[in-house]
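Report on the structure
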Amino acid sequence: MTYTILVSDELAEEGIDILREHAMVDVNTGLSEDELVATIENYDALLVRSGTQVTERVIEAGKKLRFIGRAGAGVDNIDMNAATRHGVIVANAPEGNTLAATEHTMAMMQSLCRNIPQANASMQAGEWKRSKFMGVELNEKTLGIVGLGRIGREVAKRASSFNMHIIGYDPFISPDKAAEMGIDSMSLDTLFTKADIITVHTPLIKETRHIINEKTIATMKNGVRIINCARGGIIDEAALAVAVKSGKVAGAAIDVFEEEPPKDSPLIGIPNIIVTPHLGASTVEAQKNVAISIARQCLEVLGGGDAKYV
Ligand code: NAD
Ligand code: MLT
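What comes next concerns the included structure.

Reading guide: rules and limits
- Residues numbered from 1 in each chain as written.
- Chains lettered and ligands numbered in written order.
- Predicted model: local features only at pLDDT ≥ 70, side-chain atom pairs only at ≥ 80, totals over all residues.
- Heavy atoms only, no water.
- Buried < 20%, exposed > 50% of the residue type's maximum accessible area, 1.4 Å probe, protein only.
- Helix = DSSP H or I, 4+ residues; strand = E, 2+ residues; numbered from the N terminus.
- Arc of directions from axis to C-beta.
- Contact = heavy atoms within 4.5 Å.
- Pairing = 2+ DSSP bridges.
- Axes fitted to C-alpha atoms, helices over the stretch in contact; angles between N-to-C directions.
- 1 Å grid on protein atoms, 1.4 Å probe; cavity = no way out; pocket = protein on both sides within 12 Å on 5 of 7 lines; lining within 4 Å.
- Points joined across faces, edges and corners; volume = space filled by probe spheres on them.
- Near = heavy atom within 4 Å.
- Polar contact = N/O pair within 3.5 Å; in protein donor to acceptor, adjacent residues only side chain to side chain.
- Areas by Shrake-Rupley, 256 points an atom, 1.4 Å probe, with all protein chains shown as cover.
- Core = buried A, V, L, I, M, F, W, Y, C linked by side-chain atoms within 4.5 Å.
- Nonpolar A, V, L, I, M, F, W, Y, C, P; charged D, E, K, R; others polar.

Right, let's get into helix H1 (residues 13-20). Residues Gly15, Ile16, Ile18 and Leu19 constitute the buried set of H1. Each buried residue of H1 sits inside an arc of 160 degrees when the element is viewed along its axis, so together they form one side. Of the surrounding secondary structure, the elements contacted by the buried residues of H1 are strand S1 (3-7), strand S2 (23-27), strand S3 (45-48) and helix H12 (284-302).

See the structure below:
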């Protein structure tokens, strides 16, 4: 039997090749919700990254739909409740891009502390302003990691090699387990008061929405630096923008936004905030890994088996 699979966001060729051995595959990116609703009834499976919003309408219209695959970690663009109600299996590929997102976080941290993007822009504009771009070292700074899952703990490992003191908060990781990873675990409130740099690595769920906000920023050290390479919405963008402008927060590095692409994000256009367009997973290696993982899980489920990550 030949399955029909719609790939509605970019997926690495290695994954498409695996799918094509057993299925008819259409790659059709940039569809609106209405366009997706109009076409989804033809497919047994839908594969996405973060661009496609898989809403209840889309799932309802997918009369044959049995599998939704997310080539990456976050499933916040998929209506999980609707999928469950309609008996559609959802799987993701959370391991393939861990190191890419970790390395992007480290790159953002170093760029933030040494003003590299701003200095580059200045030199490209013909300037030579050495004193304007005085930085700070990572050495002996306290890094607060919120969320000690795959990425949070890989960031901890790398930050330790810079001789940073690592503190962390994760309600699902015991202090002993954190200590084994060289992380001093504490409450979120305490972490906020102690960290020189804060980086968030949680999913976006009700409990993590706007955990960095006007009130919590007020409890942080003056001159704290904040990084978000996890999900837009974990930080209240308006509150962060105000705090950076006032100097309370010395700078921020942001890869993910409440709305993507951002239309009116207050974080864009502020000199001490560096931004990248959701590039955390954008390495050749990570995209190959997640494409292969999600393609294999898709065929397994369509063949009557189980997904590895549900
Ligand atoms: P993970 O599931 O391995 O880890 C998430 C951790 O957050 C878990 O340990 C969990 O216990 C913890 N957590 C849950 N609720 C919490 C709370 N209220 N407070 C503190 N911690 C809490 O996920 P991961 O693979 O490490 O990914 C982390 C985030 O990064 C996700 O949002 C993912 O979507 C995102 N991500 C972004 C990119 C990118 O391109 N920028 C790439 C990969 C992953
Ligand atoms: C993820 O959750 O895996 C990332 O946001 C990366 C992506 O969208 O590819």
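With that out of the way, let us pick up the sheet that holds strand S8 (residues 184-185). Ordered in space as S8-S7-S6-S9-S10-S11-S12, the 7 strands form an open sheet in which the pairing is parallel. A single partner strand is all that each edge strand has here, and the edge strands are S8 and strand S12 (273-275). Across 5 bridges, the pairing between strand S6 (residues 142-146) and strand S7 (residues 165-169) is parallel. The residue of S7 that forms the bridge with Val146 is Tyr169. Sitting on the sheet, helix H5 (residues 98-114) is in contact with S6, strand S9 (197-200), strand S10 (224-228), strand S11 (249-254) and S12, with an inclination near 150 degrees to S10.

With an omega of -10 degrees, the peptide bond between Glu260 and Pro261 qualifies as cis. With respect to the element layout, Pro261 can be found in the loop between S11 and S12. For Asn163, which is not glycine, the phi dihedral falls at a positive 65 degrees. Following the sequence through the fold, Asn163 ends up in the loop between helix H7 (150-160) and S7. By relative accessible area, which is 42% here, Asn163 ends up partly exposed.

Rolled over the atoms, a probe sized like a water molecule indicates the empty space that remains. Estimated volume of the second largest pocket: approximately 190 Å³. Contributing to the lining of the second largest pocket are Arg114, Ala119, Ser122, Met123, Glu127, Trp128, Lys129, Arg130, Phe133, Met134 and Gly135. Per-element accounting of the lining of the second largest pocket gives the leading share, 3 residues, to helix H6 (residues 116-124).

A few words now on the site of ligand 2. All residues adjacent to ligand 2 are Arg49, Ser50, Arg70, Ala71, Gly72, Ala73, Gly74, Asn97, Arg231, His278 and Ala281. Between ligand 2 and Asn97 there is a distance of 2.8 Å, counted from an oxygen atom to a side-chain nitrogen or oxygen. Arg231 has a polar side-chain atom sitting 2.7 Å from an oxygen atom of ligand 2. Summarising the interface, the protein chains cover 92% of the accessible area of ligand 2, which totals 270 Å² for the free molecule.

What follows deals with the nonpolar core. The nonpolar side chains of a soluble globular protein tend to be buried, and buried together. Of all hydrophobic cores here, the largest spans 30 residues; its most connected members are Ile198, Ile212, Met220, Ile226, Leu240, Val249 and Ile254. Those elements that provide at least two residues to this core are helix H9 (188-194), S9, S10, helix H11 (237-246) and S11. Top element by residues in this core is H11. It accounts for 5 residues. Non-local contacts of Ile254, meaning those with residues more than four positions away in its chain, are made with Met108, Asn228, Ile235, Leu240, Leu267, Ile273, Ile274, Val275 and Thr276. Among the nonpolar cores identified, the runner-up in size contains 26 residues, and Val7, Ala12, Ile18 and Val25 belong to it.

Here we come to the site of ligand 1. If you check the shell around ligand 1, you find 27 residues, and the closest are Arg150, Ile151, Asp170, Thr202 and Asp255. Separating an oxygen atom of ligand 1 from a side-chain N or O atom of Asp170 is a distance of 2.6 Å. Its residues assigned to classes, the shell around ligand 1 comprises 13 nonpolar, 9 polar and 5 charged.

Any functional reading would require information that these geometric values do not contain.
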